[in-house]
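Coordinate analysis (summary)
Next come the chains, spelled out residue by residue.
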Amino acid sequence: MLAGKHILLIVGGGIAAFKALDLVRRLREREAQVTPVLTKAGVEFVTPLSLSALSAAKVYQDLFNLTDEAEMGHIELSRAADLIVVAPATADLMAKMAGGLANDLASTLLLATDKRVLIAPSMNVRMWDHPATGRNLATLKSDGVLVVGPNEGDMACGEYGPGRMAEVPEIIDAIASALADGPLKGRHILVTSGPTHEPIDPVRYIANRSSGAQGTAIAGALAGLGADVTFVTGPADVPPPAGVNVVNVQTARQMLEAVQAARAADAAVFAAAVADWHVTNAGDSKIKKDGSGLPTLEFAENPDILATVSEMKEGRPKLVVGFAAETDDVIAHATAKRVRKGCDWIVANDVSPETGIMGGSENAVTLISDAGADSWPRMTKDQVARQLAQRIAEAMT
Ligand code: C5P
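Below: a short report on this structure. These numbers come from a predicted model, not from an experiment. All residue numbers refer to position in the chain's written sequence, counted from 1. The predicted origin of the model limits local features to residues at a pLDDT of at least 70 and limits the giving and counting of side-chain atom pairs to 80 or more, whereas totals for whole chains, interfaces and linings rest on all residues. Excluded from the side-chain calculation are hydrogens and water; included are all heavy atoms of the structure.

1. Some remarks on the sheet that holds strand S13 (residues 267-270)
Backbone hydrogen bonds are what pair the strands of a sheet, in a parallel or an antiparallel way. Should DSSP find at least two bridges between two strands, the strands are taken to pair. A run of H or I in DSSP becomes a helix once it reaches four residues, and a run of E becomes a strand once it reaches two; helices and strands are each numbered from the N terminus. An order of S12-S11-S8-S13-S16-S17-S19-S20 is seen for the 8 strands of this open sheet, with the pairing classed as mixed. Of all the strands in the sheet, just strand S12 (245-248) and strand S20 (372-375) have a single pairing partner and so form its edges. Across the sheet, the mean angle from the axis of one strand to that of its neighbour is 15 degrees, orientation sign disregarded. Bridge count between strand S19 (residues 365-369) and S20: 4 bridges; the pairing is antiparallel. The residue of S20 that forms the bridge with Ile 368 is Ala 373. We call two residues in contact whenever any of their non-hydrogen atoms come within 4.5 Å of each other. The axes used here are C-alpha line fits, helices contributing only the stretch in contact, and every angle between their N-to-C directions lies in the interval 0 to 180 degrees. Packing against the sheet, helix H13 (residues 330-341) makes contact with strand S16 (319-326), strand S17 (345-350), S19 and S20, and its axis sits at approximately 155 degrees to S17.

Here it is in C-alpha cells:
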C-alpha cells in the first residue's frame, strides 16, 4: 500500500526522535520513499548521518542552504511529497504550525505545502495538558491536520500521562490510512459516534447505551476508501480508527459545537447515540446521600445534531446519513424519522435486547432512502461499515 509513496518526514527535537529512525526503516521495508528533514533541535537527538543512512536519501536541515535550494527549492520539497509526517511533533512545532510561522525549514515546508500533514505529538504531560497546546491542537485539527497519539504512559522525564509519541506501527497505520487511494479521495466526511455523557454532578451522568463500534467501523471504512474523515466521538468503549481526525466530546451540546466547528463536509454520517436530554440542575459538587430525601433532576432537551445539519441553508453536506435504532416497527419508525429529521438516508436497525446488536459485533440494517427500503442480511459491523462506505462513495460520484 505504501510502495512508491513519497513521505517527507520532519523530525522534531524531542526524546522520541529515536523512534523516527525505526519509522524510516519500517517505511523503507514497505518500499516507501522517505525524505528526512531534521530541525535544529532534532539534531540534538538523532544525527543526520543515521537518518540519511536509513533513508538512503539526503537529509534537509537548512532553509537558507544554497546547495539544497539549487537541487530542490523548499516549495518543491513539500509539493513533491504524497504526505508530510511530523514525528516527533514537539509543542514548539505544533505552535509554529498553528500560528502559521515560517522561520526555519520545517515550519516553512509545513506552511508551503498543499499536501496532507500527519503529526505524532510527543511532549511532557504538562506541556500536552497546557491550554496553549490544546488550542494549537484544535486549530491544527480544524485545518485538516491528521493526528496520531500521543499515548499515555511513563515518560522519559519520569512523569506519567499522555504525551508519549505513538508507537511506530500505529504511525505506519495512520500513514497508510492517510495515503489510502480510493473513490472518496479528496472528500471530507464527518462522522459522529459513541454515546454522549450528560453530567448529573461531577461523578454521575446519564447516557445512552452505545459502544461506538459501528460509528468507529464506518469512519475507518470511509478513510479506507480515501476520505478525509473528521470523527466526532463521545466516550466510546472502542478506540478510534487510524488515520481520521478525532475530536473527543462528552455532551450533546459539545458534539453539536464540534460538528459546527468542523470544515464544510461533502457527506456526514450521524452514528452517535446522543442523549435526548441534559440535566439543567446538575450539581457542581457531588450530590450527597445525606438523608435529606431523593434528589430531583430537571431536564432540558438536547439539540438534535442530525436535524440541525440536515436543515442547514448554506454548506449542507451533499449527503446526510442518520441512524435509527428502534425496538419495534423498525422500518415504519425509521421511514418517518427520515422525513422528520430531513436527512437523505436513514440506516435503521432493530436493537431489541434479543437481537444482541447493542454492544455486539454484528448488525442487521435497512438502508432507507428516496429509492425505498433496502434490507441487508445480518453481518458484522465491519461489513455493514464497508458496504455503507461503498454506497456513500457511489452516491458521491
Ligand atoms: O431521534 P433519534 O435519537 O432516534 O435519532 C437518531 C439519529 O439522530 C441518529 O443518527 C443520531 O446520531 C441522531 N441524533 C443527533 N442528535 C440528537 C439525537 C439524535 O444527531 N440529539
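Now that the structure is up, let's keep going.
2. Regarding the pattern of salt bridges
Here, a salt bridge means any side-chain nitrogen of Lys or Arg that lies within 4 Å of a carboxyl oxygen of Asp or Glu. Under the counting rule described, the total for this entry stands at 20 salt bridges. A salt bridge links Glu 167 to Lys 19; the nearest nitrogen and oxygen atoms lie 3.3 Å apart. You can see Glu 167 sitting in the loop between strand S7 (160-164) and helix H9 (168-179) and its partner Lys 19 sitting in helix H1 (residues 17-29), a full 148 residues away along the chain. Of the charged contacts in the structure, one is a salt bridge between Lys 96 and Asp 92, with a shortest N-O distance of 3.7 Å. Here Asp 92 and Lys 96 lie together in helix H5 (residues 91-99), a separation of 4 residues that amounts to about one turn. Salt bridges linked by common partners bring Asp 22, Arg 26, Glu 29 and Arg 30 together as one network.

3. Some words on unusual backbone geometry
A cis amide bond links Ala 87 with the next residue in sequence, Pro 88, at an omega value of -5 degrees. Residue position: Pro 88 is located in strand S3 (residues 83-89). Backbone torsion omega between Gly 149 and Pro 150 reads 0 degrees, so that peptide bond is classified as cis. With respect to the helices and strands, Pro 150 occurs in the loop between strand S5 (146-147) and strand S6 (151-154).

4. Comments concerning the site of the ligand
Around the ligand, a shell composed of Phe 270, Ala 272, Val 274, Pro 303, Asp 304, Ile 305, Leu 306, Gly 322, Phe 323, Lys 337 and Lys 341 is seen. Contacts described as polar in this section are N or O atom pairs within 3.5 Å, which, within protein, must combine one atom able to donate a hydrogen with one able to accept it, while residues neighboring in sequence count only if both atoms come from side chains. Contact distances for the ligand include 3.0 Å between a nitrogen atom and a backbone N or O atom of Ile 305. One of the backbone nitrogen or oxygen atoms of Phe 323 is found 2.7 Å away from an oxygen atom of the ligand. With the chains in place, 85% of the 440 Å² that the ligand exposes on its own is no longer accessible. Those elements that provide at least two residues to the shell around the ligand are helix H12 (305-310), S16 and H13. Here the nonpolar group is Ala, Val, Leu, Ile, Met, Phe, Trp, Tyr, Cys and Pro; Asp, Glu, Lys and Arg are the charged ones; every other residue, Gly included, is treated as polar. Of the residues that constitute the shell around the ligand, the class distribution is 7 nonpolar, 1 polar and 3 charged. Residues are labelled near a given molecule or strand when at least one of their non-hydrogen atoms is within 4 Å of it. Accessible surface area values rest on a Shrake-Rupley calculation with a 1.4 Å probe, where residue burial reflects the displayed protein chains alone.

5. Quick notes on H13
The end-to-end C-alpha separation of H13 is 16 Å, in line with the 16 Å expected for 12 residues at 1.5 Å each. Burial classes: relative accessible area under 20% of the type maximum marks a residue as buried, over 50% as exposed, and values in between as partly exposed (1.4 Å probe, protein chains only). Of the positions making up H13, those classed as buried are Val 330, Ala 334, Lys 337, Arg 338 and Lys 341. Projected onto a plane normal to the axis of H13, the buried residues spread over an arc of 105 degrees and lie on a single side. Among the exposed residues of H13, those oriented more than 90 degrees off its buried face are Ala 332, Val 339 and Arg 340. Of the surrounding elements, those touching the buried residues of H13 are H12, S16, S17 and S19. Just downstream of H13 lies Gly 342, where phi reads positive at about 80 degrees. One less than the number of residues in a helix, times 1.5 Å, gives the span that helix is expected to have. Think of it as the arc spanned by the lines of direction from the helix axis to the C-beta atoms.

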